[in-house]
Amino acid sequence: MDWIAARYQDCLCSHCLEKIATGELGPQLPQADQRIP
């Protein structure tokens with residue numbers, strides 16, 4: 001939510017929100033299967 005608030009001041013279209021939800025846009029988070037034990 002902070003990432004979105006820092007970059008978008010108005011409404012977002014459903015297409016962009018979908019990209020954020022799937023991780024195509026937004027901060028890159030580590031994937032569970034890519035962590036080193």
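Details of the structure are given in the entry above.
Bear in mind that the values here come from a model prediction, so they are computed numbers and not experimental data.

**Student:** Which residues make up the overall build of the protein, and what are the values?
**Tutor:** If you tally the helices and strands in the protein, you get 2 helices and 0 strands. Residue burial in the protein is summarised as follows: out of 37 residues, 8% are buried. Looking at the protein as shown, the accessible area adds up to about 3,600 Å², and 55% of this sits on carbon and sulfur atoms.

**Student:** Before we move on, can you summarise the pattern of salt bridges with the specific residues and values?
**Tutor:** Counting across every chain of the model gives 1 salt bridge. A salt bridge links glutamate 24 to lysine 19, with the shortest nitrogen-to-oxygen separation between them at 3.7 Å. Look at glutamate 24 and you get exposed, because its relative accessible area is 54%.

The rules behind these values
- Residues numbered from 1 in each chain as written.
- Predicted model: local features only at pLDDT ≥ 70, side-chain atom pairs only at ≥ 80, totals over all residues.
- Heavy atoms only, no water.
- Helix = DSSP H or I, 4+ residues; strand = E, 2+ residues; numbered from the N terminus.
- Buried < 20%, exposed > 50% of the residue type's maximum accessible area, 1.4 Å probe, protein only.
- Areas by Shrake-Rupley, 256 points an atom, 1.4 Å probe, with all protein chains shown as cover.
- Salt bridge = Lys/Arg side-chain N within 4 Å of Asp/Glu carboxyl O.

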